[in-house]
Amino acid sequence: MSKRLAFALLLLAAPALAAEPAPPAADLAFGAYQRGDYVAAMGEAQKRLAANPRDAAALTLIGRLYLDGQGVARDRAQAMQWFRRAADAGGKDAAYFFGAASLTGRDTAKDRALAKTYLEKAEGHAAALQLLGELWLENDGKEPDFAKAQAYFRRAAELDNSDAAYALALLYKNGRGAPADPAEAANWLRKASEAGHTAAMVEFAIMEFNGAGVARDRAHAVKLLRQAAAAGNVVAQNRLARLLAEGLGVEKNHSEAMLWNSRAKAAGLVDDKLDALLETTIPPAEKPAAPPPAPAAK
C-alpha cells in the first residue's frame, strides 16, 4: 500500500464519534456517550437494538465503544463486526470505518475489493470518497484511472476534505484526468491551505511566489512557508531556508536560514547546494574568530 493510502489508519485514533441519523425521540445512547457515561451508552444502545436490530446509529455506537474500550473491554475485531452490521443497515460512518479497516487489514481481514464495496456504501462521506480517489490512482497496480480519481477527489473536496482538495489540485497541476489548469490547481490548493493542510501550503506558496495560476504575492508565499515550516513540514523548512539564505521575497537572514536548514536536515532532507550556499555566505560577524597565533619558540 502506498503512503498516500496510509492515512486510512487514522480511523484507529478517530476523535469523537459522529452520530448516525437518530430517531425522533431523544437519543439517550449518544447523549450518554457525549457525557462520558459509556456504560449507560451501551445499555441505551442495546435497548434500541432490541426494538430495531437495524438501528445504524446504535450499531455504530457499540462498535465505537469496543474500538476504544469505553465501558467495555477493548476489542477492535469485535468493533469491526459491529461496524459492518451498522454499514449494512445504512450507517455511513460505519461503512467508512469498516471499509478503511478492510483496506489496511488491521482488526479485520485485508480485502481491497470488500473495502471498495463498503467505502462505496458510505456514499457522501468525505473521507470515504477521498480514499476511493486514492484507490483509483493505485488501480490495483494497473494504469491509474485519473479521471475516476479526479471525480472522487472533487466530490470529497466539495465536502471540505482538505486531503482531497490537495490531491485534486495536483491532478490539475500535472494535467492528469483533465488538461493542466494552473488556475484551478491554485484554487484548490488555496482551499486546502486555508484548512491547514501543510503540503498544500507549500505548493500554493510556490505558485504564489512564481505567479503561476495565481497573482504573484511573494510576501504571502513566505508567510505560508513559515506557517507550514513551524507546523513541521520539512519541505517548507527547506524552501524557507533557501529564500532566507538568498534574500528572495524576504530579507536575507543567514542565521534563520541555518536554523530551518538544520531542522530540515534533522528530519532527513539534506540539501547539499543549500549547505554550500550557507557556507559561502556566512556574514563576517558570524564567522568564527581566527585562533590566536602560537607563541614564538624561545
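Coordinates for the structure precede this section.
Residues numbered from 1 in each chain as written. Predicted model: local features only at pLDDT ≥ 70, side-chain atom pairs only at ≥ 80, totals over all residues. Heavy atoms only, no water.

Any chance you could explain the overall build of the chain here in plain terms?
The helix and strand tally for the chain stands at 15 helices and zero strands. Counting across all 298 residues of the chain, residues that qualify as buried make up 43%. Considering only contacts within the chain whose residues lie at least 6 apart along the sequence, 49% involve residues at least 24 apart. When the accessible surface of the chain is totalled, it reaches about 15100 Å², and 54% of it is carbon and sulfur. (Helix = DSSP H or I, 4+ residues; strand = E, 2+ residues; numbered from the N terminus. Buried < 20%, exposed > 50% of the residue type's maximum accessible area, 1.4 Å probe, protein only. Contact = heavy atoms within 4.5 Å. Areas by Shrake-Rupley, 256 points an atom, 1.4 Å probe, with all protein chains shown as cover.)

Can you walk me through the packing of aromatic side chains in this structure?
Aromatic ring pairs: the centre-centre distance and the angle between the two ring planes describe each pair. For the coordinates displayed, the defined rule picks out five aromatic pairs. Each ring, one from phenylalanine 98 and one from tyrosine 118, has its centre 4.9 Å from the other, and the planes form 75°; the classification is edge-to-face. Here phenylalanine 98, found in helix 5 (residues 92–104), pairs with tyrosine 118, found in helix 6 (residues 112–121); they are 20 residues apart in sequence, far enough to count as distant. There is no split in this pair, since phenylalanine 98 and tyrosine 118 are both buried. Lying across the ring of phenylalanine 209, arginine 218 places its NZ or CZ 4.2 Å from the centre. Arginine 263 extends its terminal NZ or CZ atom over the ring of tryptophan 260, reaching a point 4.8 Å from the ring centre. (Phe/Tyr/Trp six-rings, centres within 6.5 Å; stacked < 30°, edge-to-face > 60°. Lys NZ or Arg CZ within 6 Å of the ring centre and 35° of its normal.)

Even after reading the chapter, I still don't get the packing of helix 3 (residues 56–68) against helix 4 (residues 76–88), so can you show me in this structure?
Helix packing geometry: the angle between the two helix axes and the distance between the axes. Their axes nearest at 8 Å, the elements helix 3 and helix 4 cross at an angle of 165°. By the criterion of interaxial angle, the relationship of helix 3 to helix 4 is roughly antiparallel. Relative to helix 4, the crossing made by helix 3 is left-handed. Side by side, helix 3 and helix 4 meet where Ala56, Leu59, Thr60, Ile62, Gly63, Arg64, Tyr66 and Leu67 of the first sit next to Arg76, Gln78, Ala79, Met80, Trp82, Phe83, Arg85 and Ala86 of the second. Each residue belonging to the contact of helix 3 with helix 4 can be placed in one class, and the counts come to 10 nonpolar, three polar and three charged. (Axes fitted to C-alpha atoms, helices over the stretch in contact; angles between N-to-C directions. Parallel < 35°, antiparallel > 145°, perpendicular 65-115°, else oblique. Left-handed = near helix turned anticlockwise from the far one by under 90°. Nonpolar A, V, L, I, M, F, W, Y, C, P; charged D, E, K, R; others polar.)

When you look at the pattern of salt bridges in this model, what are you seeing that I'm missing?
Think of it this way: side chains of opposite charge can pair up when their charged atoms draw near. On inspection of all chains with the given rule, the structure shows 14 salt bridges. Residue aspartate 68 is joined to arginine 64 by a salt bridge in which the shortest nitrogen-to-oxygen separation is 2.6 Å. One end of the pair is aspartate 68 and the other is arginine 64, both in helix 3 and four residues apart, which spans about a single turn. Here aspartate 68 falls in the partly exposed class, since its relative accessible area comes to 23%. Between aspartate 271 and arginine 242 there is a salt bridge, and its shortest N-O distance comes to 2.9 Å. Of this pair, aspartate 271 sits in the loop between helix 14 (254–266) and helix 15 (272–280) while arginine 242 is found in helix 13 (residues 234–246), placing the two residues 29 residues apart along the sequence. (Salt bridge = Lys/Arg side-chain N within 4 Å of Asp/Glu carboxyl O.)

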